[in-house]
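Architecture at a glance
So you can see what is in the structure, the chains are spelled out below.
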Amino acid sequence: MPREVREVVFVDGVRTPFGKAGGMYAETRADDLVIRCIRELMRRNPQLPPERVDEVAIAATTQIGDQGLTIGRTAALLAGLPKTVPGYAVDRMCAGAMTAVTNVAGGIAMGAYDVAIAGGVEHMGRHPMGEGVDPNPRIIAEKLVDPSALVMGSTAENLHDRLPHITKERADRYGLNSQLKTAKAYADGKLQPDLVPVALRSAEQGWGLATADEAPRETSLEKLATLKTPFRPHGRVTAGNAAGLNDGATAALLASEETARELGLPVAMRMVSYGFVGVEPEIMGYGPIPSTEKALKKAGLTIDDIGLFELNEAFAVQVLAFLDHYGIADDDPRVNPWGGAIAIGHPLASSGVRLMTQLARHFAEHPEVRYGLTAMCIGIGMGGTVIWENPNWDGEAK
């Protein structure tokens, strides 16, 4: 019997404050960050019986140590969910949490799940990207990819080469604006509602509490111009126009719309479509362009239908390439209204749900916007895009 495809909704999303690698979470376990997020989701949605959670999908790029061992299952158990709730781990590098969401969404749409939790974690201070991996030498020896494809910063320099009109000065200006927008969002109380406080312990400083992101900083174009270019002499990629190395976790609650209505859960967004694509690994940052084209085509939409964008800022050049392709200005207010990963941080596998949680907040404030998207580049040459519909959309709103 053919099944009716069900509407998938984003109910709620939370995240820990993002720390600098080796910073405030230096003595905090990666799985404890995930556990904190799962517990907060359940606390914020008490109308959801824990036994109604059908799946827990948690992503990590470096699946080793305290972010290994099928972390979706172990974190669910440690968070106090019933032992009957299954879980698993996901890896699609930077798009791990995004993939966890799209994976469980497929199960919800076809009726395998009613409610699921999806998220991601990366503790780059404990587990640097690439720890313990053994790339097959044929990848390089047989020239399947350029050697620079395995160094994300080098792929950003390669994208600058392909798109020379995106200058270092322009990338620096974009990075500065990300910092300024994030500072304003904090001052206006926009980011704090979805941050889960995390208890900290340090042998030197004793006990503390993480309540805000650690990476944002005050800077200027003059300061940014003096930063080193670590991936190439006289290059264009610096710590000021790229995301840093970070620690943090995210988690989101997804459900079929009918189940959300049954349980009295909020409906923050409806999933419309998604697309993942592969691109040349050495220009990884180009990925969100074709993935967005794919998602738009599947949705029967055009870029003009999109009223809000949450784009992961792995590197400024990657976002600027996207904006140029679609004819969007660098300072368009629809794009990353509260800043992005250059300021907030990018703990690899966790970032996709941060984008979604912020888009849901924007939707609540903008009933005039019907569609928004979350998009990101992905290591080893991929891109991912998810298009969402605003349930608060009012066609009459201005």
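Worth saying up front: this structure is predicted, and the values here are computed from it rather than measured.

1. Observations regarding the overall build of the protein chain
If you tally the helices and strands in the protein chain, you get 12 helices and 12 strands. Relative to a compact globule of 398 residues, whose C-alpha radius of gyration would be 21 Å, the protein chain shows 20 Å and is just as compact. Projecting the C-alpha coordinates of the protein chain onto the three principal axes gives extents of approximately 60 × 55 × 50 Å. A buried classification covers 58% of the 398 residues belonging to the protein chain. Nonlocal contacts in the protein chain, meaning residues at least 24 apart in sequence, comprise 79% of its contacts between residues at least 6 apart. Carbon and sulfur atoms make up 53% of the accessible area of the protein chain, which totals about 16300 Å². When the 39 basic and 49 acidic side-chain charges of the protein chain are each reduced to a single mean position, those positions are 1 Å apart.

2. Structural notes on the environment of Gly345
Secondary-structure assignment places Gly345 in the loop between helix H11 (341-344) and helix H12 (351-365). The class for Gly345 is buried, based on a relative accessible area of 1%. The spatial distance from the C-alpha of Gly345 to the C-alpha of Lys181 is 14 Å, given a sequence separation of 164 residues. Residues within four places of Gly345 in sequence aside, it is in contact with Phe18, Asn246, Gly340, Ser351 and Arg354.

3. Digging into empty space enclosed by the protein
Under the definition given, this model contains 1 cavity of 30 Å³ or more. What the largest cavity holds in volume is close to 70 Å³. Val14, Arg15, Lys190, Leu191, Asp194, Leu195, Trp338, Val353, Arg354, Thr357 and Gln358 together form the lining of the largest cavity. Listed by contribution, the elements that provide at least two residues to the lining of the largest cavity are strand S1 (8-15) and H12. The element best represented in the lining of the largest cavity is H12, accounting for 4 residues. The residue makeup of the lining of the largest cavity, split by class, is 5 nonpolar, 2 polar and 4 charged.

4. So, the UniProt feature "domain: Thiolase C-terminal" (unreviewed entry) in the protein chain
If you check UniProt for "domain: Thiolase C-terminal" (unreviewed entry), the listed places come out as residues 268-389 in our numbering. Segment residues 268-389 splits into 34% helix and 26% strand. End C-alpha atoms: 9 Å apart.

5. A short note on the packing of helix H5 (residues 152-162) against helix H10 (residues 316-325)
In the contact formed by H5 and H10, the axes pass within 9 Å of each other and the chain directions differ by 40°. The two elements H5 and H10 meet at a crossing, and its hand is left-handed. Contacts between H5 and H10 involve Ala156, Leu159 and His160 from the former and Val317, Gln318 and Ala321 from the latter. Grouping the amino acids of the contact of H5 with H10 by side-chain chemistry returns 4 nonpolar, 2 polar and no charged.

6. As for the side chain of Thr155
Looking at where Thr155 falls in the secondary structure, it is placed in helix H5. Residue Thr155 is classed as buried on the basis of its relative accessible area of 1%. Setting aside its immediate chain neighbours within four residues, Thr155 contacts Ser148, Ala149, Pro281, Glu282, Ile283 and Met284.

7. A closer look at unusual backbone geometry
With a phi angle near 50°, Met93 is a residue other than glycine that sits in the positive phi range. In this fold, Met93 is placed in the loop between strand S4 (87-90) and helix H3 (96-110). Positive phi outside glycine occurs at Asn336, with the angle close to 45°. Along the chain, Asn336 falls in the loop between H10 and H11.

8. Some points on helix H2 (residues 71-78)
What H2 keeps buried is the set Ile71, Gly72, Ala75 and Ala76. Projected down its long axis, H2 shows its buried positions confined to an angular sector of 130°, all on one face. Buried residues belonging to H2 abut helix H1 (30-44), strand S3 (55-59), S4 and strand S5 (115-123). Gly80 sits one or two residues past H2 and shows a positive phi near 95°.

9. Brief notes about the side chain of Ser351
Residue position: Ser351 is located in helix H12. Judged by its relative accessible area of 0%, Ser351 falls in the buried class. Excluding anything up to four places from it in sequence, Ser351 contacts Asn312, Gly345, His346 and Met376.

10. Section: the layout of surface pockets
One number sums up the size of the largest pocket: a volume of about 600 Å³. Around the largest pocket, the lining is made up of 31 residues, and of these Ala242, Ala243, Gly244, Leu245 and Phe315 lie nearest the centre. If you list the elements that add at least two residues to the lining of the largest pocket, you get H5 and H11. Each residue belonging to the lining of the largest pocket can be placed in one class, and the counts come to 22 nonpolar, 6 polar and 3 charged.

Rules and cut-offs
- Residues numbered from 1 in each chain as written.
- Predicted model: local features only at pLDDT ≥ 70, side-chain atom pairs only at ≥ 80, totals over all residues.
- Heavy atoms only, no water.
- Helix = DSSP H or I, 4+ residues; strand = E, 2+ residues; numbered from the N terminus.
- Rg over C-alpha atoms; globule rule 2.2 N^0.38 Å.
- Buried < 20%, exposed > 50% of the residue type's maximum accessible area, 1.4 Å probe, protein only.
- Contact = heavy atoms within 4.5 Å.
- Areas by Shrake-Rupley, 256 points an atom, 1.4 Å probe, with all protein chains shown as cover.
- Lys, Arg positive; Asp, Glu negative; His and termini not counted.
- Charge placed at Lys NZ, Arg CZ, Asp CG, Glu CD.
- 1 Å grid on protein atoms, 1.4 Å probe; cavity = no way out; pocket = protein on both sides within 12 Å on 5 of 7 lines; lining within 4 Å.
- Points joined across faces, edges and corners; volume = space filled by probe spheres on them.
- Nonpolar A, V, L, I, M, F, W, Y, C, P; charged D, E, K, R; others polar.
- UniProt positions renumbered as here; feature names shortened; annotations may be inferred.
- Axes fitted to C-alpha atoms, helices over the stretch in contact; angles between N-to-C directions.
- Left-handed = near helix turned anticlockwise from the far one by under 90°.
- Arc of directions from axis to C-beta.

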